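Examination of the molecular architecture
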Amino acid sequence: MASDSSSPTPMPAVSLIVPTFNEAANIDELLDGVCAAIPAGLEVEVLFVDDSTDDTPEVIEKAAARCPMPVSVLHREVPEGGLGGAVVAGIARTSAPWIMVMDADLQHPPELLPQLIEAGERAAAELVVASRYAEGGSRGGLAGGYRVAVSGASTALTKSLFPRLLRGVSDPMSGCFAIRREAVDRAVQEGETRQEGGLRPLGYKILLELAVRCRPRGVVEVPYEFGERFAGESKSTVREGLRFLRHLAELRTSDKRARMVAFGLIGVSGFVPNLLALWALTGATTLHYAVAEVLANQLGVLWNFALLDFLVYRSGKPGRGAGRLLGFAALSNADLLARIPLMMLFVEQAGMGPVPATVISLVVVFALRFLLVDTLIYRRKGAAAKRAADAAVTGGQGERAA
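Residues numbered from 1 in each chain as written. Predicted model: local features only at pLDDT ≥ 70, side-chain atom pairs only at ≥ 80, totals over all residues. Heavy atoms only, no water.

1. Details of the side chain of Ser 15
What counts, and what does not: Strands here mean DSSP runs of E at least two residues long; helices mean DSSP runs of H or I at least four residues long; both are numbered from the N terminus. By the criterion applied in these results, polar contacts are pairs of N or O atoms within 3.5 Å in which, for protein atoms, one can donate a hydrogen and the other can accept it, and in which residues neighboring in sequence qualify only through two side-chain atoms.
Take Ser 15: it is sitting in strand S1 (residues 14-20). Within the structure, Ser 15 has its side chain in polar contact with the backbone nitrogen of Ala 96 (distance 3.3 Å).

2. Some details on the packing of aromatic side chains
Geometrically, a pair of aromatic rings is defined through the distance of the ring centres and the angle of the planes. Our working rule: A pair of aromatic rings is counted whenever rings of Phe, Tyr or Trp (Trp by its six-membered ring) have centres within 6.5 Å, and the orientation is called stacked for planes under 30 degrees apart, edge-to-face for over 60 and tilted otherwise. Buried, partly exposed and exposed residues are distinguished by accessible area as a fraction of the type maximum, computed with a 1.4 Å probe on protein chains only: under 20%, between the cut-offs, and over 50%, respectively. Definition used: whenever NZ (Lys) or CZ (Arg) falls within 6 Å of the ring centre and also within 35 degrees of the ring normal, the charge is taken to sit over that ring.
Following the criterion strictly, the structure yields two aromatic pairs and no others. Both rings, one in Tyr 224 and one in Phe 226, keep their centres 6.4 Å apart while their planes meet at 80 degrees; by these two values the pair is edge-to-face. This pair shows no difference in class: Tyr 224 is buried, exactly as Phe 226 is. Over the ring of Phe 226 we find Arg 132; its NZ or CZ atom is 5.2 Å from the centre of that ring.

3. Describing the nonpolar core
Counted only if it meets this: Definition of nonpolar core: a set of buried residues of the types Ala, Val, Leu, Ile, Met, Phe, Trp, Tyr and Cys, connected through side-chain atoms within 4.5 Å. Any pair of residues with heavy atoms lying within 4.5 Å of one another is described as a contacting pair.
Leu 16, Val 46, Phe 48, Val 71, Met 100 and Leu 116 are the most contacted members of the largest nonpolar core, which totals 39 residues. Looking at this core element by element, the count peaks at five residues for helix H4 (residues 112-123). Among residues more than four places away in sequence, those in contact with Leu 16 are Val 34, Val 44, Glu 45, Val 46, Leu 47, Met 100, Met 102 and Leu 113. Counting 32 residues, the second-largest nonpolar core is a separate cluster that includes Val 88, Leu 127, Leu 166 and Val 184.

4. A word on the side chain of Glu 45
Here is the rule: Asp and Glu are treated as the negative residues and Lys and Arg as the positive ones, with His and the ends of the chain left uncounted. Here, a salt bridge means any Lys or Arg side-chain nitrogen found within 4 Å of an Asp or Glu carboxyl oxygen.
Here Glu 45 lies in strand S2 (residues 44-50). No salt bridge forms around the buried Glu 45; measuring N to O, its nearest opposite-charge neighbour Arg 181 is 5.4 Å away. Within the structure, the side chain of Glu 45 is placed 2.3 Å from the side chain of Ser 15, a separation counted as a polar contact.

5. Brief notes about the pairing of strand S5 (residues 127-131)
Successive residues of a regular strand alternate their side chains across the two faces of the sheet. Threshold: Only strands joined by at least two bridges in the DSSP assignment are considered to pair.
Counting buried positions along S5 yields five of five residues, so the element is predominantly enclosed. Neither face of S5 is exposed, since Leu 127, Val 129 and Ser 131 on one face and Val 128 and Ala 130 on the opposite face are all buried. The sheet contact formed by S5 and strand S6 (residues 177-180) spans three bridges and is antiparallel. From the neighbouring strand, Leu 127 faces S6, where its bridge partner is Ile 179. Two elements, S5 and strand S7 (residues 219-223), share five bridges in a ladder whose sense is parallel.

6. Regarding unusual backbone geometry
With a phi angle near 55 degrees, Ala 124 is a residue other than glycine that sits in the positive phi range. The exposure class assigned to Ala 124 is exposed, which follows from its relative accessible area of 55%.

7. Concerning the pattern of salt bridges
In the structure shown here, the tally under the stated rule is nine salt bridges. Measuring nitrogen to oxygen at the nearest pair gives 3.6 Å for the salt bridge that ties Arg 180 to Glu 121. Pair noted here: Arg 180 is in strand S6 and Glu 121 is in helix H4, with a separation of 59 residues, a long-range link. We note a salt bridge from Arg 213 to Glu 209, for which the minimum N-O separation is 2.6 Å. Taken together, the residues span about one helical turn, with Arg 213 and Glu 209 both in helix H7 (residues 206-214) at a distance of four residues. Here Arg 213 matches Glu 209 in class, with each residue buried. Beyond isolated ion pairs, a larger network of salt bridges with shared partners links Asp 28, Asp 32 and Arg 66.

8. Considerations on the confidence of the model for the protein
Formally: Predictor confidence is given residue by residue as pLDDT, running from a minimum of 0 to a maximum of 100.
Chain-level statistics for the protein give a pLDDT mean of 78 and a share of 76% at 70 or above. Contacts from residues 1-8, a stretch scored under 50 in pLDDT, to residues over four places away or in other chains number 18 contacts. Here residues 380-402 scores under 50 on pLDDT; set against residues more than four positions off or in separate chains, the count is 61 contacts.

9. Let's talk about H4
One turn of the α-helix equals 3.6 residues, which is why residues spaced by three or four share an orientation. Just so we agree on the cut-off: Any helix carries an expected span of 1.5 Å times its number of residues minus one.
Under the 1.5 Å per step criterion, the end-to-end length of H4 is 16 Å for 12 residues, consistent within 8% with the ideal 16 Å. Here H4 has its buried residues at Leu 112, Leu 113, Pro 114, Leu 116, Ile 117, Ala 119 and Gly 120. Just downstream of H4, Ala 124 is the residue with a positive phi angle, here 55 degrees.

10. Some remarks on the packing of helix H10 (residues 289-312) against helix H11 (residues 321-334)
What counts is decided by this rule: Comment: axis = line fitted to C-alpha atoms, over the contacting stretch for helices; angle = value between 0 and 180 degrees taken between N-to-C directions. If an angle is under 35 degrees, it is roughly parallel; if it is over 145, roughly antiparallel; if it lies from 65 to 115, roughly perpendicular; otherwise it is oblique. Left-handed describes a crossing whose near helix is turned anticlockwise from the far helix through less than a right angle; right-handed describes the clockwise counterpart.
Taken N-terminus to C-terminus, the directions of H10 and H11 make an angle of 130 degrees; their axes are 10 Å apart at the nearest point. The orientation of H10 with respect to H11, classified from their angle, is oblique. Here the hand of the crossing between H10 and H11 comes out right-handed. Here H10 contributes Asn 297, Gln 298, Val 301, Leu 302, Asn 304, Phe 305, Leu 308 and Asp 309 to the contact with H11, which in turn contributes Gly 321, Arg 324, Leu 325, Phe 328, Ala 329, Ser 332 and Asn 333.

11. Section: the pairing of S6
Side-chain alternation along S6 places Phe 177 and Ile 179 on one buried face and Ala 178 and Arg 180 on a second face that is also buried. Taken together, the four bridges between strand S4 (residues 98-101) and S6 define a ladder with antiparallel strand orientation. Bridge assignment links Met 100 to a residue of S6, and that residue is Ala 178.

See the structure below:
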């Protein structure tokens, strides 16, 4: 963490992490609100993790001079992982037992800080969520019917994918929450033990990442009214929406059994281009069916690789995409050594047609292909994910102390 020359002797009880991207116009108002909200006796440190291209870091430095609590800024030249990566970098730079996250645009009232900590202590919970959807909350600050609809649909989709892990969380898309550090540390340690790495955020829905991977022991909610943005523009874009969908897929396939199901579903979808190409080649050419299947298989390989690489294996990608594609294609075509003789056996001995014989042979070698791809092409050792997290933390070379 960036050191502050006027840091008080008492250890902070709360590390408030505020990710920022071009939020210069909001900083003074935000820090004034935070200072006013902190009750006597509650030690708080504030860390801005900044990915800005404007003068936000300089504004923070000036505003920090009049704050009674330690305020620092970590400016990242490379915004690894987006907002979620910024929060993870902030967690690594702070030490308080409670970690609180809020946006800088004042749509999250600063008064929530003591309310969340008090609610967590009272309930002995590891996660406290500021919820727009809990009784007494409001999402009135969402601008327009489109954002309201997107927010509602995203929330419904997320809860349907993680019904057990998000039980008791009415607002998994909230950007304001508090979590105990011990829950985060436990998740990282367990992830390393399973050789799957720790936190791997993508985009701006960091609460979802923490709730699913940390599996906090006890969750409570504090209702609040989602306010209007004080200044600046919303960072919600179509690109962020796509990153959110990829993040959902990554979280949903974070264990081997779930990846196998996803691998199978994508493999089934790959039957379509494979079989269509086989049908076209055997119907429109004089190619032998075995040769036609070798050619048709390439279309299925490309289809499967594109979906797996984009959706299932976002993290832990070794090397360049071309290298992964070549490795994936090599393994996928290697199974032809098993499938083609098996298919020929079904055709020659059982009297099947080329298409049904291909379907059966594809199913037979599926499990072997999954194990080879999962362990050889996408080595789920957590090394790549760990390097990405380390890169976010070592953004400290661009760190500026306020």
